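# Coordinate inspection notes
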Amino acid sequence: DEGYFALDLHGMNVAMAHSAVRVAMRRLASETQTVEQTVPKDIMIITGRGRNSALRMRPVLRPEVQRMLLEEFYPPLNTVSVPGN
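Described below are features of the structure shown in this document. Here, residues in each chain are numbered from 1, in the same order as that chain's written sequence. At least 70 in pLDDT is required for a residue's local features to be given in this predicted model, at least 80 for side-chain atom pairs to be given and counted, and no such filter applies to totals for whole chains, interfaces and linings, which use all residues. Side-chain measures were taken over the full set of non-hydrogen atoms in the model, leaving aside hydrogen atoms and water.

### A word on the side chain of T47
- Helix and strand labels come from DSSP, where a helix needs a run of H or I of at least four residues and a strand needs a run of E of at least two; each type is numbered from the N terminus. Position of T47 among the secondary structure elements: in the loop between β2 (42-46) and α2 (61-71).
- We classify T47 as buried; its relative accessible area is 12%.
- We call two residues in contact whenever any of their non-hydrogen atoms come within 4.5 Å of each other. Setting aside anything within four residues of it in sequence, one finds T47 in contact with L9, L61, R62 and V65. Residue exposure (1.4 Å probe, protein chains only): buried if accessible area is under 20% of the type maximum, exposed if over 50%, otherwise partly exposed.

Okay, structure coming up:
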């Protein structure tokens, strides 16, 4: 157990990524409530670098997922990007 929950969005478009994040967050929340566990300290969402995006090497998912976590969840979820990724 790494102490974090990982969600890999590689190859997904924005709509699929939105759905995947929502489903994963709901599932994580419901599992931790029913099993009386605590939510992992960190949730790692892997978005990729944008190599396959229409904007060529400009990430599309990362900024959109960051916006989503800040604006669509309460309380807002803080995000951090790993330097060099």
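This is not the end of the story, as more comes after the structure.
### Points about the environment of V60
- Here V60 lies in the loop between β2 and α2.
- Put simply, V60 and T47 are 13 residues apart on the chain and 8.6 Å apart in space, counted from C-alpha to C-alpha.

### Here's the deal with the pattern of salt bridges
- Here a salt bridge means any side-chain nitrogen of Lys or Arg lying within 4 Å of a carboxyl oxygen belonging to Asp or Glu. Under the counting rule described, the total for this entry stands at 4 salt bridges.
- Linking E71 and R67 is a salt bridge whose minimum nitrogen-to-oxygen distance equals 2.9 Å. Of the two residues, E71 and R67 are both situated in helix α2; the distance of 4 residues between them amounts to about one turn of the helix.
- Salt bridges linked by common partners bring R22, E64, R67, E71 and E72 together as one network.

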